[in-house]
Amino acid sequence: MAERMLKFTITPRTTPEKRAVEARARDFHEIYRDFIDAKASEQAARCSQCGVPFCQTHCPLENNIPDWLRMTAEGRLEEAYQLSQATNSMPEICGRICPQDRLCEGSCVIEQSGHGTVTIGAVERYLSDKAWEEGWVRPLVAGKAKGQSVGVIGAGPAGLAAAERLREMGYAVTVYDRHDRPGGLLTYGIPGFKLEKEVVERRTRRLAEGGVEYALDFEVGRDASLADLRARHDSVLIATGVYAARDMAVPGAGSVGVVPALAYLIASNRKGFGDDVPEFESGALNAAGKRVVVVGGGDTAMDCVRTAVRQGAASVTCLYRRDRANMPGSAREVMHAEEEGVIFEWLAAPRAVTGAALAAAGVVAARMRLGPADASGRQAPEEIPGADFDLQADLVIKALGFDPEDLPTAFAAPELALSRWGTLKADAKLMTTIPGVFAAGDIVRGASLVVWAIKDGRDAADAIHRYLAAHAAAARIAAE
Ligand SMILES: Cc1cc2nc3c(=O)[nH]c(=O)nc-3n(C[C@H](O)[C@H](O)[C@H](O)COP(=O)(O)OP(=O)(O)OC[C@H]3O[C@@H](n4cnc5c(N)ncnc54)[C@H](O)[C@@H]3O)c2cc1C
Ligand code: SF4
């Protein structure tokens, strides 16, 4: 049924229904049910169609949100989907996992006026899921062959978004990844309760069916150098993400019961795929029956605590050295974790892990307070003397963030320049210090968001196209 717009004063904001905690905490399925058709149009019709759409300017992809909301309200769903996918390579994925409260929804004008934001993410997810169901997602059709090829290192959202666009333009594209499945952190980092794996797989399949080649279990640095790939392709895109996990420098941090977050999440995701995972079977990367302490306050920490709940942990505690207002993870994820029984120890940092070398038995934690702001303007946490406390723990998960790996060394390419944070230096056209080698996603930005990786991948594809087109033209002139 077609709805008129500007209904925000009479229609309250509603999100799709959440599954009950008792049911969702026992499996790895997504926690939100789908919007029913009528609900999606009703919620889209709350949009005020304001003259300056701040939602659009605060979406990294500058999605044309007001127009696709209006089309949804009018029941023009296929048109709405086509408009939404014109700027976004993976709208159903962003609809699920973007921190909308910090992006589009956080700047929605009716949110600012106290009426509650339009549920932009949920409508975006609804439209794209509907499009997959109805067959509106068109196959990837390769453009007229250009006779040039691009090698993409990394099958995460940045690499995949670039591969799709380059293929549409007619380039031969090979995506190399050291994992056995494409998707990057969408596949092996983010758990199914935020993003079910079939949602990622249907996107990666669509690329393969459109002629994008995957070279999996292929690690650049081990199976080929960057120079090898440059010899194979006319241009190379580096989209390798950031994977050097920050460590916890406290006594006892080397105990067997202290594990890195990504290893823990990868093991859980692999179990979900039905793989044989010895470290999970042995209990080393399995929280079942254990008292679990997760150290960190970002998205990775939130994914670990909620995974531990689903694996049947006896208790799950999150230690974070700042307070709730200053944590980097999404407030929505903290709320879900609290509903699922996770205990948050705000303003607390590990001082030592106790127990035998073969197992953690506890964490001694220092109580913190927020001191004066540091050079970055953020209040620095400082210890409160004499306020230490003990927590029992059989499994301690370190989720303290990620830095870039040393790519110039790994890729045998010392001419690849780095920023002072160790990320790859790229110019405004996303080209690195090696001509014809481009970079996109977390490896340029540092640990960031999926939506930014997609934006960078799309921009890098356009930049590579301009570069290769100019080279082809120069070669033609030289040959004349
Ligand atoms: C646990 C976790 C949860 C997150 N949750 C969210 C969330 O809810 N919402 C959100 O927006 N963002 C989230 N993020 C951040 C988001 O996943 C990343 O910003 C995004 O995936 C970056 O995309 P990318 O393509 O740059 O890199 P990645 O997704 O990391 O992909 C890089 C790929 O490169 C491959 N690779 C690396 N080195 C090599 C090599 N030498 N040879 C071959 N292949 C290589 C890797 O195997 C990987 O597949 C989360 C991150 C983590 C770790
Ligand atoms: S891509 Fe992310 S920020 Fe942009 S409209 Fe969708 S949910 Fe909002």
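Residues numbered from 1 in each chain as written. Chains lettered and ligands numbered in written order. Predicted model: local features only at pLDDT ≥ 70, side-chain atom pairs only at ≥ 80, totals over all residues. Heavy atoms only, no water.

**Focus: the site of ligand 2**
Step number 1: Within the structure, ligand 2 sits among Cys59, Asn63, Ile65, Asn88, Cys94, Cys98, Gln100, Leu103, Cys104, Ile120, Glu124 and Val451.
Step number 2: Among the residues making up the shell around ligand 2, the classes are represented as eight nonpolar, three polar and one charged. (Near = heavy atom within 4 Å. Nonpolar A, V, L, I, M, F, W, Y, C, P; charged D, E, K, R; others polar.)

**With respect to the sheet that holds strand S4 (residues 235-238)**
Step number 1: Strand order in the open sheet formed by five strands is S3-S2-S1-S4-S16, with parallel pairing between adjacent strands. Two strands lie at the open edges of the sheet, namely strand S3 (213-215) and strand S16 (437-439), each paired on one side alone. Neighbour-to-neighbour, the strand axes of this sheet turn through a mean angle of 20°, independent of strand direction.
Step number 2: Here four bridges tie strand S1 (residues 149-153) to S4, and the two strands are oriented parallel to one another. By the bridge assignment for S4, Ile153 is matched with Ile238.
Step number 3: The strands that helix H9 (residues 157-168) touches are S1, strand S2 (172-176), S3 and S4; relative to S2, the one it contacts most, it runs at about 165°. (Pairing = 2+ DSSP bridges. Helix = DSSP H or I, 4+ residues; strand = E, 2+ residues; numbered from the N terminus. Axes fitted to C-alpha atoms, helices over the stretch in contact; angles between N-to-C directions. Contact = heavy atoms within 4.5 Å.)

**Description of the packing of aromatic side chains**
Step number 1: This model, assessed by the stated rule, comprises five aromatic pairs.
Step number 2: Residues Phe28 and Phe193 carry aromatic rings whose centres are separated by 6.1 Å and whose planes lie at 35° to one another, so their mutual orientation is tilted. Of this pair, Phe28 sits in the loop between helix H1 (21-24) and helix H2 (37-44) while Phe193 sits in the loop between helix H10 (185-188) and helix H11 (197-209), placing them 165 residues apart in sequence.
Step number 3: The class for Phe193 is buried, based on a relative accessible area of 2%.
Step number 4: Considering the side-chain rings of Phe438 and Tyr467, the 5.6 Å spacing of their centres and the 75° angle between planes classify their relative orientation as edge-to-face. Within this pair, whereas Phe438 is found in strand S16, its partner Tyr467 is found in helix H19 (residues 450-479), the two being separated by 29 residues in sequence. Tyr467 carries the same exposure label as Phe438, and that label is buried.
Step number 5: The ring of Phe273 carries the charged tip of Arg181 above its face, separated from the ring centre by 4.0 Å. (Phe/Tyr/Trp six-rings, centres within 6.5 Å; stacked < 30°, edge-to-face > 60°. Buried < 20%, exposed > 50% of the residue type's maximum accessible area, 1.4 Å probe, protein only. Lys NZ or Arg CZ within 6 Å of the ring centre and 35° of its normal.)

**What about the layout of surface pockets?**
Step number 1: Computed from the structure, the second largest pocket encloses a volume of approximately 640 Å³.
Step number 2: Looking at the second largest pocket, it is lined by 37 residues, and the ones nearest its centre are Pro16, Tyr32, Gln100, Ala122 and Arg332.
Step number 3: The set of elements that each furnish at least two residues to the lining of the second largest pocket consists of helix H6 (91-97), helix H8 (120-134) and helix H16 (331-339).
Step number 4: It is H8 that contributes the most residues to the lining of the second largest pocket, seven residues altogether. (1 Å grid on protein atoms, 1.4 Å probe; cavity = no way out; pocket = protein on both sides within 12 Å on 5 of 7 lines; lining within 4 Å. Points joined across faces, edges and corners; volume = space filled by probe spheres on them.)

**Overview of the pairing of strand S13 (residues 389-392)**
Step number 1: Only one face of S13 is buried, namely the one carrying Phe389 and Leu391, since none of Asp390 and Gln392 on the opposite face is buried.
Step number 2: Pairing geometry for strand S11 (residues 362-373) and S13, over four bridges, is antiparallel. Within the sheet, the bridge partner assigned to Ala365 lies in S13 and is Phe389.

**Comments concerning the site of ligand 1**
Step number 1: Taken together, 34 residues lie near ligand 1, and Ile97, Asp177, Lys194, Tyr243 and Asp442 sit nearest.
Step number 2: Measuring from an oxygen atom of ligand 1, one finds a backbone N or O atom of Leu185 at 3.1 Å.
Step number 3: One nitrogen or oxygen atom from the main chain of Asp442 is found 2.9 Å from an oxygen atom belonging to ligand 1.
Step number 4: The biggest single contributor to the shell around ligand 1 is helix H15 (residues 299-310), with three residues. (Polar contact = N/O pair within 3.5 Å; in protein donor to acceptor, adjacent residues only side chain to side chain.)

**Some remarks on the packing of H9 against H19**
Step number 1: Direction vectors running N to C along H9 and H19 enclose 35°, while the axes themselves pass 7 Å from each other. Relative to H19, H9 is oriented so that their crossing is right-handed. Residues Pro157, Ala158, Ala161, Ala162, Arg165 and Leu166 of H9 form the contact with H19, whose participating residues are Val450, Ala453, Ile454, Gly457, Arg458, Ala461, Asp462 and Ile464. (Left-handed = near helix turned anticlockwise from the far one by under 90°.)

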